[in-house]
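Close look at the chain arrangement
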Amino acid sequence: YSSAASDVYKRQVPGSGPKNSDVILIGEAPGADEDIYGKPFCGRGGKLLDKILLNNNLSRKNFYVTNIVKCRPPNNRKPIKVESKQLETLSLFSYE
């Protein structure tokens, strides 16, 4: 990110899980818990995801889990135009 983006975002939340997975689970953006811990889907959404997977005899460890937007904007607001432009440079399938 440019210095402008690093001034705005607290933490980048990379994806997790096997990078060679046949299935990628993609969320919109990190929530508050994800921003704190730096892991995708570790908050309420993650608990729901784990429950859905468990109910279908699946495990999160078999999937790559990530978000389209890698950083949570301050106060969970929508990204402003300049931030959106910087976010466009992120690859949807970026594993870093």
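Here is a short report on the structure shown in this document. This one's a predicted model, so the numbers in the text were calculated from it and none came from an experiment.

So, about the overall build of the protein. Within the protein one finds four helices and two strands. Mapped in sequence order, the helices and strands of the protein form the string α-β-α-α-β-α. Here the protein holds 96 residues, and the buried ones make up 31% of them. Across the protein, every contact between residues at least 6 apart in sequence was considered, and the portion connecting residues at least 24 apart equals 76%. With an accessible surface of roughly 6,500 Å², the protein has 53% of that area assigned to carbon and sulfur atoms.

The next subject is the pattern of salt bridges. For the coordinates displayed, the defined rule picks out one salt bridge. Ionic pairing is found between R60 and D50, a salt bridge with its closest N-O pair at 2.9 Å. One end of the pair, R60, is in the loop between helix 3 (44-55) and strand 2 (64-67); the other, D50, is in helix 3, with 10 residues separating them in the sequence. For D50, a relative accessible area of 35% corresponds to the partly exposed category.

Take helix 3 next. Spanning 12 residues, helix 3 covers 17 Å between terminal C-alpha atoms, matching the ideal 16 Å at 1.5 Å per step. Within the span of helix 3, buried status applies to G46, L49 and L53. Angularly, the buried residues of helix 3 cover 60 degrees about the axis, an arc narrow enough to put them on a single face. The exposed residues of helix 3 that point more than 90 degrees off its buried face are R44, K47, K51, L54 and N55. On its buried face, helix 3 is in contact with strand 1 (24-27) and strand 2.

Residue placement: N67 occurs in strand 2. Residue N67 is classed as buried on the basis of its relative accessible area, which comes to 3%. Not counting residues up to four positions away in its chain, the partners in contact with N67 are I26, G27, E28, A29, P30, P40 and F41.

Scoring rules and cut-offs
Residues numbered from 1 in each chain as written. Predicted model: local features only at pLDDT ≥ 70, side-chain atom pairs only at ≥ 80, totals over all residues. Heavy atoms only, no water. Helix = DSSP H or I, 4+ residues; strand = E, 2+ residues; numbered from the N terminus. Buried < 20%, exposed > 50% of the residue type's maximum accessible area, 1.4 Å probe, protein only. Contact = heavy atoms within 4.5 Å. Areas by Shrake-Rupley, 256 points an atom, 1.4 Å probe, with all protein chains shown as cover. Salt bridge = Lys/Arg side-chain N within 4 Å of Asp/Glu carboxyl O. Expected span 1.5 Å × (residues − 1). Arc of directions from axis to C-beta.

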